[in-house]
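Descriptive analysis of the structure
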Amino acid sequence: MKNKISESKAKQTPKKKLKNKIRLGVNIDHIATLRQVRGGTTDYPNLLDMAKRAVKGGANQITIHLREDRRHIQLKDVILLSKSCPVPLNLEMAVTSQMVTIAKKYRPAWVCLVPEKREELTTEGGLDVKKGFSQFHPYVEKIQRMGIEISTFIEPNLEQVEASAELGADAIELHTGKWVQLSGVAKQKEWKRLCDAAEWAHRLGMNVHAGHGLDYAHAKAICKLPYLEEVNIGHSLVCYALESGLEGAVHKMRKILK
Ligand code: PXP
């Protein structure tokens, strides 16, 4: 008899390498944020429906972060999406035994290891793989043994790239948040750090992913990052969706209120 795990695994097809195209992971955390500001009491927005809409728009994977404080994504979302999401699921998570148990049970295609602080507004800074190496190593082995691939969300720092390779990560996800915020010479320097880290990761046999804070302008620029295979984008897309969708939504309400 198929158990819950193998059922969800059966639906999780691996990510495809896209020829001449960067894979787009759409992070739907902030759609869940909108639901959770009303304590999850509304039946909208429907996360699976939103994931399907993102796929219609061209998303190659759906990315979610199940935080310890459950501020947006809930365990029920992980369960539903791991079973029914039409594209591979990328689960961002802190490196804790509780999260490893969840990953093993619901088997996303990928796990992205991220640092997590309760008080932060969003993921601030990358994971210190060098410092946490001996703590993370057994977890990484456990996750990969289940056929789940692993990326580490790190600052563009060569030591962190090397530590990720040693850890056995399949990919690094470079934190682009600082680069997005900077300007002038400091921005150019951060870009060089991103390029060096990407080159080094490729030489060490890892895939290169990037994410955080990317908007349309920075998405255009990030395409020039060497060996870039995947980006994960959330906040700007949810904002753009509001910008392009609010007029129509109000129009529909106006018609109802005749
Ligand atoms: N990648 C990682 C590892 C993240 O933690 C986040 C934010 O949840 C993102 C990408 C997406 O960042 P943003 O929402 O700023 O596009």
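The coordinates are above.
Description of the structure in this document. (Residues numbered from 1 in each chain as written. Predicted model: local features only at pLDDT ≥ 70, side-chain atom pairs only at ≥ 80, totals over all residues. Heavy atoms only, no water.)

1. A word on the nonpolar core
Our working definition: Side-chain atoms within 4.5 Å are what join buried Ala, Val, Leu, Ile, Met, Phe, Trp, Tyr and Cys residues into a set we call a nonpolar core. Only protein chains enter the accessibility calculation, which uses a 1.4 Å probe. A residue is then buried if its area is under 20% of the maximum for its type, exposed if over 50%, and partly exposed in between. Throughout, a contact is declared for two residues whenever any of their heavy atoms are within 4.5 Å.
Ile28, Ile62, Ile64, Met93, Leu174 and Leu225 are the most contacted members of the largest nonpolar core, which totals 60 residues. When residues no more than four places from it in sequence are discounted, the contact partners of Ile64 are Ile28, Asp29, Ile73, Val78, Leu81, Leu89, Asn90, Leu91 and Glu92.

2. Section: the sheet that holds strand S3 (residues 89-93)
Applicable threshold: Each pair of strands is called paired provided DSSP finds at least two bridges between the two strands. A helix here means a DSSP run of H or I that spans at least four residues, while a strand means a run of E at least two residues long, and both kinds are numbered starting from the N terminus. All axes here are fitted lines through C-alpha atoms, helices being fitted over the stretch that makes contact, and every angle between N-to-C directions spans 0 to 180 degrees.
Sheet architecture is closed into a barrel: eight strands sit in the order S1-S2-S3-S4-S5-S6-S7-S8, paired in parallel fashion. The average angle at which neighbouring strand axes cross in this sheet is 25°, direction not considered. In the sheet, S3 pairs with strand S4 (residues 110-113) via four bridges, with the strands oriented parallel. Residue Glu92 lies in a different strand from S4, and its bridge partner there is Cys112.

3. Focus on the pattern of salt bridges
Where we set the bar: Only one rule defines a salt bridge in this text: a Lys or Arg side-chain nitrogen within 4 Å of an Asp or Glu carboxyl oxygen.
Scanning all chains against the criterion turns up eight salt bridges. One salt bridge connects Glu230 with Arg23, and the closest N-O pair in it is separated by 2.4 Å. One end of the pair, Glu230, is in strand S8 (residues 228-233); the other, Arg23, is in strand S1 (residues 23-27), with 207 residues separating them in the sequence. In this pair, the class of Glu230 matches that of Arg23, namely buried. The partner of Arg71 in a salt bridge is Asp69, and the shortest N-O contact between them spans 3.1 Å. It is possible to trace a salt-bridge network through shared partners that takes in Arg23, Glu229 and Glu230.

4. Observations regarding helix H2 (residues 29-36)
The line we're drawing: Arc, as used here, means the arc of the directions from the helix axis to the C-beta atoms.
Looking at H2, one finds that the buried residues are Asp29, Ile31, Ala32, Arg35 and Gln36. Axial view of H2: buried residues confined to an arc of 160°, hence all on one face.

5. Remarks on the site of the ligand
Counted only if it meets this: Definition of nearness: a residue and a molecule or strand are near each other if at least one heavy atom of the residue lies within 4 Å of the molecule or strand. We call two N or O atoms a polar contact when they sit within 3.5 Å, provided that within protein one can donate a hydrogen and the other can accept it, with sequence-adjacent residues counted only if both atoms are side-chain atoms. Each accessible area value is a Shrake-Rupley result obtained with a 1.4 Å probe; residue values ignore everything except the protein chains displayed when judging cover. Residues are grouped as follows: Ala, Val, Leu, Ile, Met, Phe, Trp, Tyr, Cys and Pro are nonpolar; Asp, Glu, Lys and Arg are charged; all remaining types, including Gly, are polar.
Around the ligand, the surrounding shell holds 13 residues, and the nearest of these are Glu92, Glu173, Gly213, Gly234 and His235. Between the ligand and Asn27 there is a distance of 3.4 Å, counted from an oxygen atom to a side-chain nitrogen or oxygen. In this structure, an oxygen atom belonging to the ligand sits 2.8 Å away from a main-chain N or O atom of Gly234. Contact with the protein chains hides 96% of the accessible area of the ligand, taken as 400 Å² for the molecule alone. In the shell around the ligand, the residues fall into three nonpolar, seven polar and three charged.

6. Quick look at unusual backbone geometry
Here the amide bond leading from Tyr44 into Pro45 is cis, since omega sits at -10°, within 30 degrees of zero. You can see Pro45 is positioned in the loop between H2 and helix H3 (47-57). Of note in the backbone geometry, Arg70 takes a positive phi value of approximately 50° without being a glycine. Assignment of secondary structure puts Arg70 in the loop between strand S2 (61-65) and helix H4 (75-84). Even without being glycine, His212 reaches a positive phi, approximately 110°. Relative to the helices and strands, His212 is located in the loop between strand S7 (207-211) and helix H10 (216-222).

Function cannot be read off these values alone, since they describe shape.
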